[in-house]
Amino acid sequence: MATVGTALRELRGAQKSAKGVSLYSRFVNRPAGRYLAAVSYALGLTPNQVTLVSAAFSFAAVAAVALAAPSWGLGVAVWAALAVGFAFDSADGQLARLRGGGSAAGEWLDHVVDCAKLTALHSCVLIAFYRFPEAYGTGGPGGTGAAGWLLVPLGFQFASVVTFFGGLLTEKLKPKPAPGSPAAAPSTVRAVALLPVDYGVFCLVFLVLGGGGLFRWAYAGLGAVAVLFLAAFLAKWFRELSAAPR
């Protein structure tokens, strides 16, 4: 039976390129996922099972946002569950590489869970804004805030899902680099610039869930940034694909 230490040593030499990855994913989420992948490998888990573990943590947090009244304790629990789910999301791919490669079905499951998680999370913030208007200062039954706040999660959801789909499709359509060609060096400036739209950084906003209006404004701020980055990403991806040889 493989040991965790052996699996870790093998994983260190089988990491994906850091190009286009934020500092959080590079130095926090991927290392955490590496340890989870090593433990999963030692336990005999499959990548698909790890994907389902990630989904369980993520959707438990999502449900809590919609169903429970906001509080500081709930915010910490939601953030922790989302962060662990994100780390397991990194672990499933690393485990697949450790086992000799993934499958088309495994990749499909991973992407479907990611898309469902994004959609459900913003939908549940909308539900929370509607169910607990007194806490968040939003419109809703008995709420005193503007009903327009209920549109914020919809806009954030739109930006997140289109960015996810656009990035995934761009990677599929871009020509593959020639075998043996050197990988581009990761840019520290780009890694810092991507922090505001990193999913792991976004999860941190739930730490202020108990702050009511503070959470509402922090969430809306990240949503505005997501919309701006979406416009920049779409222009960049279209330009790259237009210049790619047919």
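Because the structure is a prediction, the values reported are computed rather than measured. (Residues numbered from 1 in each chain as written. Predicted model: local features only at pLDDT ≥ 70, side-chain atom pairs only at ≥ 80, totals over all residues. Heavy atoms only, no water.)

Student: Can you lay out helix H1 (residues 4-12) for me, pointing to particular residues and giving the numbers?
Tutor: Turning to H1, its buried residues are Ala7, Leu8 and Leu11. The arc that holds the buried residues of H1, viewed along the axis, is 100°, so those residues lie on one side. Of the surrounding elements, those touching the buried residues of H1 are helix H2 (23-43) and helix H4 (72-98). (Buried < 20%, exposed > 50% of the residue type's maximum accessible area, 1.4 Å probe, protein only. Helix = DSSP H or I, 4+ residues; strand = E, 2+ residues; numbered from the N terminus. Arc of directions from axis to C-beta. Contact = heavy atoms within 4.5 Å.)

Student: Would you mind going over the packing of helix H5 (residues 104-131) against helix H10 (residues 213-243) in detail, with residue names and values included?
Tutor: Across the interface, H5 lies against H10 with an axial gap of 13 Å and an inter-helix angle of 145°. The crossing of H5 and H10 is left-handed. Across the interface between the two elements, His122, Val125 and Phe129 from H5 touch Phe215, Arg216 and Tyr219 from H10. Here the residues of the contact of H5 with H10 sort into four nonpolar, one polar and one charged. (Axes fitted to C-alpha atoms, helices over the stretch in contact; angles between N-to-C directions. Left-handed = near helix turned anticlockwise from the far one by under 90°. Nonpolar A, V, L, I, M, F, W, Y, C, P; charged D, E, K, R; others polar.)

Student: Please set out the packing of aromatic side chains residue by residue, giving values where relevant.
Tutor: For any pair of aromatic rings, the description rests on two quantities: the centre-to-centre distance and the angle between the ring planes. Applying the stated criterion across every chain, the model contains 17 aromatic pairs. Their ring planes at 85° and their centres at 4.8 Å tell us that tryptophan 149 and tryptophan 217 sit as a pair that is edge-to-face. Pair noted here: tryptophan 149 is in the loop between helix H6 (133-136) and helix H7 (152-173) and tryptophan 217 is in helix H10, with a separation of 68 residues, a long-range link. Taking the relative accessible area as the measure of exposure, tryptophan 149 reaches 14% and is therefore buried. Following the ring pairs from residue to residue traces out a cluster consisting of Tyr24, Phe86, Phe129, Tyr136, Phe156, Tyr199, Phe202, Phe206, Phe215 and Tyr219. The lysine or arginine in question, lysine 117, covers the ring of tyrosine 199, its NZ or CZ lying 4.5 Å from the ring centre. Looking at arginine 216, its charged tip hangs above the ring of tryptophan 149, at a distance of 4.5 Å from the centre. (Phe/Tyr/Trp six-rings, centres within 6.5 Å; stacked < 30°, edge-to-face > 60°. Lys NZ or Arg CZ within 6 Å of the ring centre and 35° of its normal.)

Student: Let's hear about the side chain of serine 160: which residues, and what values?
Tutor: Mapped onto the elements, serine 160 comes out in helix H7. For serine 160, the side chain forms a polar contact with the side chain of histidine 122, separated by 3.3 Å. Discounting chain neighbours no more than four positions away, the residues touching serine 160 are Leu118 and His122. (Polar contact = N/O pair within 3.5 Å; in protein donor to acceptor, adjacent residues only side chain to side chain.)

Student: Any details on the nonpolar core? Residues and values, ideally.
Tutor: One broad trend across soluble globular proteins is that nonpolar side chains are buried collectively. Membership of the largest hydrophobic core comes to 33 residues, with the highest contact counts inside it found for Leu82, Tyr199, Phe202, Phe206 and Phe215. Put simply, the parts of the chain that give this core at least two residues each are helix H3 (47-67), H4, H5, H7, helix H9 (199-203) and H10. Broken down by element, the residue count for this core peaks at seven residues, all from H5. If near-sequence neighbours (up to four positions away) are discounted, phenylalanine 202 is found in contact with Leu121, His122, Phe156, Tyr219 and Leu222. Counting 10 residues, the second-largest nonpolar core is a separate cluster that includes Ala37, Val50, Leu95 and Leu98. (Core = buried A, V, L, I, M, F, W, Y, C linked by side-chain atoms within 4.5 Å.)

Student: Explain the pattern of salt bridges to me, and be specific about the residues and the numbers.
Tutor: If you walk through the whole model with that rule in mind, you get five salt bridges. Residue glutamate 107 pairs with lysine 172 through a salt bridge whose shortest N-O separation is 3.0 Å. Note that glutamate 107 is positioned in helix H5 and lysine 172 in helix H7, a separation of 65 residues in sequence. Among the ionic pairs, lysine 117 bridges to aspartate 114, the shortest N-O distance being 3.6 Å. Of this pair, lysine 117 and aspartate 114 are both found in helix H5, three residues apart, which corresponds to roughly one turn of the helix. In this pair, the class of lysine 117 matches that of aspartate 114, namely buried. Residues participating in the shared-partner salt-bridge network are Asp89, Asp114 and Lys117. (Salt bridge = Lys/Arg side-chain N within 4 Å of Asp/Glu carboxyl O.)

Student: Pulling in residues and values, what's your account of the environment of leucine 222?
Tutor: Relative to the elements of secondary structure, leucine 222 occurs in helix H10. Its relative accessible area of 17% is what places leucine 222 among the buried residues. Taking the C-alpha atoms as reference points, leucine 222 and valine 201, 21 residues apart in sequence, are found 9.7 Å from one another. Those residues in contact with leucine 222, other than ones at most four positions away along the chain, are Phe156, Pro196, Phe202 and Val205.

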